[in-house]
Amino acid sequence: MPPESEYPLQSLTAARVVVVAGKGGVGKTTVTAVIARAASRAGQRVLVVELDGKPALAELVPDLEVLPISAPDALDEYLRDNGFARIAKRLNRTGVIDMVGTAAPGIDDIVVLGKIKQLDRSGQYDLIVVDGPAAGHAITFLTSAAGLADSVRSGPVRAQADDVLELLHDPQRCQVVLVTLAETTPVNEVIETAFALEDQVGVQLGPVVVNGVDDGVDLPDESATASLVAGLEPEVAEALVDAAAFRRSRRQMEAQELARLTDQLPIPQIVLPAKLVAGLTPDDIDELATVLAVHEDGPT
Amino acid sequence: MSAPAADDLIEASSVIVCCGSGGVGKTTTAAVLGLEAARRGRRAVVVTIDPARRLADALGLVDGLASEPQRIELDDSTGELWAMMLDTAATFDGIVRANAENDEQVDRILDNAFYRNIAGALSGTQEYMAAEMLHALHADDRFDLVVVDTPPSRNALDFLDAPGVLSRFLDHRLFKLLMLPARSGLKVIGTATQPILRAVGRVVGSDVLADSVAFFQAFAGMETGFRERADDVIALIRAPETSFVVVASARHDTIAEAVWFVDQLVEQGIDVTAAIVNRAHPAFGEGSADDALDASVDAAAAGAPGLAALWRNVADLRTLRERELAVIDPLAKVAGDERVVVLPLLDRDVHDLDGLRTIAAHLFDHPIVER
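Throughout what follows, the structure given in this document is the object of discussion. (Residues numbered from 1 in each chain as written. Chains lettered and ligands numbered in written order. Predicted model: local features only at pLDDT ≥ 70, side-chain atom pairs only at ≥ 80, totals over all residues. Heavy atoms only, no water.)

## Overview of the overall build of chain A
Counting its regular elements, chain A contains 12 helices and eight strands. The burial tally for chain A puts 55% of its 300 residues in the buried class. Partitioning the contacts of chain A with sequence separation of at least 6, the portion at a separation of at least 24 is 77%. In the structure as shown, chain A presents an accessible area of about 12,500 Å², 50% of it carried by carbon and sulfur atoms. (Helix = DSSP H or I, 4+ residues; strand = E, 2+ residues; numbered from the N terminus. Buried < 20%, exposed > 50% of the residue type's maximum accessible area, 1.4 Å probe, protein only. Contact = heavy atoms within 4.5 Å. Areas by Shrake-Rupley, 256 points an atom, 1.4 Å probe, with all protein chains shown as cover.)

## Some details on the environment of B:M133
Residue and element names in this part refer to chain B. Within the fold, M133 resides in helix α7 (residues 125–138). Residue classification places M133 among the buried residues on the basis of a relative accessible area of 14%. Non-local contacts of M133, meaning those with residues more than four positions away in its chain, are made with V47, M84, L86 and T91.

## What to know about helix α6 (residues 107–121) of chain A
The periodicity of an α-helix, 3.6 residues per turn, causes residues three or four places apart in sequence to face the same way. All names here are of chain A. When the terminal C-alpha atoms of α6 are compared, their 20 Å separation across 15 residues agrees well with the 21 Å that a helix rising 1.5 Å per residue should span. Here α6 lies mainly inside the structure; 12 of its 15 residues are buried. All of the buried residues along α6 are I107, D109, I110, V111, V112, L113, G114, K115, I116, K117, L119 and D120. One or two positions beyond α6, positive phi appears at G123, with a value near 75°. (Expected span 1.5 Å × (residues − 1).)

## Regarding unusual backbone geometry
Residues and elements named next belong to chain B. The residue R279 is not glycine, and still its phi comes out positive at about 60°. Counting through the fold element by element, R279 comes out in strand β7 (residues 272–280). By relative accessible area, R279 is classed as partly exposed at 33%.

## Observations concerning the packing of aromatic side chains
Residues and elements named next belong to chain B. In total, this model carries eight aromatic pairs over all chains according to the counting rule given. Centre to centre, the rings of F215 and F219 are 5.3 Å apart; their planes meet at 40°, and the pair counts as tilted. With F215 and F219 both in helix α12 (residues 206–219) and four residues apart, this pair spans about one turn of that helix. Judged by its relative accessible area of 2%, F215 is buried. Residue F219 is classed as buried on the basis of its relative accessible area, which comes to 1%. Plain terms: the ring middles of F219 and F226 are 5.1 Å apart, the flat faces sit at 55° to each other, and that makes the pair tilted. The rings of F92, Y115, Y128, F215, F219 and F226 are connected pair by pair, giving a single aromatic cluster. Sitting above the plane of the W82 ring, R142 keeps its charged end 5.5 Å from the centroid. (Phe/Tyr/Trp six-rings, centres within 6.5 Å; stacked < 30°, edge-to-face > 60°. Lys NZ or Arg CZ within 6 Å of the ring centre and 35° of its normal.)

## A closer look at the pairing of strand β2 (residues 43–48) of chain B
Residue and element names in this part refer to chain B. Burial analysis of β2 places five of its six residues in the buried class, the great majority of the element. Looking at chain direction, β2 and strand β4 (residues 80–85) are connected through six bridges and run parallel. Note on β4: the bridge partner recorded for V45 is W82. Bridge count for β2 against strand β5 (residues 145–149) is four bridges, and the pairing is parallel. Bridge pairing links V45 to V146 in β5. (Pairing = 2+ DSSP bridges.)

## Regarding the pairing of strand β7 (residues 208–213) of chain A
Residue and element names in this part refer to chain A. Along β7, five of the six residues are buried, which leaves the element largely enclosed by surrounding structure. Where strand β5 (residues 174–181) and β7 come together, three bridges link them in parallel fashion. Bridge pairing in β7 places V179 opposite V209.

## Concerning the side chain of B:H135
Mapping B:H135 onto the fold places it in helix α7. Setting aside residues up to four positions removed in sequence, B:H135 forms contacts with B:R229, B:D232, B:V233 and B:L236.

## Here's the deal with the sheet that holds β5(B)
Residues and elements named next belong to chain B. An order of β3-β4-β2-β5-β1-β6-β7-β8 is seen for the eight strands of this open sheet, with the pairing classed as mixed. Only two strands of the sheet have a single partner each, and these edge strands are β3 (70–72) and β8 (340–344). Sheet twist, expressed as the average angle between the axes of neighbouring strands with direction ignored, equals 25°. (Axes fitted to C-alpha atoms, helices over the stretch in contact; angles between N-to-C directions.)

## Some details on the pattern of salt bridges
A full pass over the atoms with the stated rule returns 31 salt bridges over all chains. A salt bridge links B:R43 to B:D144; the shortest N-O distance between them is 3.8 Å. Of this pair, B:R43 sits in strand β2 while B:D144 sits in the loop between α7 and β5, and the two are 101 residues apart along the sequence. What makes B:R43 partly exposed here is its relative accessible area of 29%. For B:R229, the salt bridge is made with B:E132, and the minimal N-O distance between the two is 2.8 Å. Remark: B:E132 occurs in helix α7 and B:R229 occurs in helix α13 (residues 223–237); sequence separation between them is 97 residues. Overlapping salt bridges bring together A:D214, A:R247, A:R251, B:R312 and B:D316 as one network. (Salt bridge = Lys/Arg side-chain N within 4 Å of Asp/Glu carboxyl O.)

## Concerning a negative patch on the surface
There is a patch of like negative charges on the surface, built from A:E233, A:E235, A:E238, A:D242 and B:E286. Structurally, A:D242 can be placed in helix α11 (residues 234–264). (Patch = residues over 30% accessible without salt bridge, like charges linked within 9 Å, V, L, I, M, F, W, Y side chains within 5 Å. Lys, Arg positive; Asp, Glu negative; His and termini not counted. Charge placed at Lys NZ, Arg CZ, Asp CG, Glu CD.)

## What about helix α2 (residues 26–39) of chain B?
Residues and elements named next belong to chain B. Relative to the 20 Å expected for 14 residues at 1.5 Å per residue, α2 spans 20 Å between its end C-alpha atoms, a close match to the ideal helical length. Of all the 14 residues making up α2, 13 are buried; the element is thus mostly covered by neighbouring parts of the structure. Among the residues trailing α2, G41 stands out with phi positive, at a value near 95°.

Spelled out as structure tokens, the structure:
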């Protein structure tokens, strides 16, 4: 058995800022919504931050506060707040904002993280859940502060980078929750990303969430199946046998990958069950949130 | 899409561009197309941009992909399959070398910190270099088909527009402002007294600003070469021998993205040759999910819990399939029924050549959905 986290919600929300990251298609947005929903139900004041301009998140948690942050807007706001109000408009109009972003790559990421840091400091929220960038970009997103601190030796951007580093290095304030599927390629990637984040960023890793694991109907094994379908019409028997074989095979793969993840990445796992849908609704998010809160009387 | 239309994609194109959002199996699809082309005797090269090295995984390359084309050993093919990963910065360096007047200019540019940032991080650089690499491979005699897996962008046009990004960058007012001292012989310091530059310097630090000024000065004289090359690349992307394939998975959100991609391409006057939907649950037997559920209830009532579980399983899998096919509908409407091909979720993960071959068999020999 994988080292399942005993108190899933508590471990996922152990820091005030939770950055959810994972490769495309693994259900990063789903997990963001589920954590936010579960925490909100537990009475926390929750803010959901959305970075890539997808409206899906707000649809999944319609009653929660969802704040989209775009890098250009955050940079503009940052310049205004830092004594550049008079020139911010001009900088924008001439496209200098783009130039600044190019001159110091990672500045986009820094101002976004800086904005999140500011929201955290405001004290308005108990929990900020960030639907982070895809895994490939997660590392650069989170290393940008260290990179900038190296290349920019003075000025407000440097100050911002220092503040962001402080946030990332404080496990009470910030942790990264990685999301994966129980399949070979996503598991490879989540392991690589976890080690890279620890080595290069030094950010606290929360539990890894394994999304979409089949925990449905118990199936008879192959030989039991064969005797159960004996006497049925051949086409019907074949459909039942093939369907059972298909699902057993998928489950076996999932079990193997979960075991490999346990073996290679020694951090707790939280498993979210697969739903029989081709797209989640707010009701599905509610149900999945219940899974996280299963031990909600745990330590606080 | 019928098998002949898929055949057409492989036989008639000399460039295939795969677009789609992240995580939909775009890289796997690109590899499947390359593999099938090789099986049919073509010399195909597949370029992936994905930093996660998924193509290497899919091709079973333990050491990962190199930034030079590597030949994949195939025993069942008369053609050739090559694969490579795009090295954005190295590709950019190559264009600089090709356009510079002399070695001294090359060194001044490549050593510049601001250039290194542009080469690695200018928004659109990755797409631009992908297009550039596509052009270079298309001209390479070793290959007669280039399959490119685009960066996971929300915007299909990023790839189409990318070659113009640098041109626009060079047309930038600030660039022109920065070029002034080089032309008039003033010192960099003089430029930095311009209020706007002073402001930029205060935000990012004066050292970063000095690097950028030095870059633009070093770049002087190369704009024309860069622009001409970008025009060639754009022409190839829009050439009739270039096919676009939109890839999605059988989920509501990725289908919505695919519809958006198709719309954008059509607006640009580009036809989508195929829309490939990955990972739909296969069909098991005749009948609906409800039929299977009824059979499960009947079996349970008849005191046969094992059989009830088997029917329940069929009901689950059919439910998924029915819901998946329903979410695909909008894509079939915009791309055309005959261009949509639905590929099955396999009973195992696709991370080797055999997995790719199985998918290729579904894509080219056995249409999965009778539409």
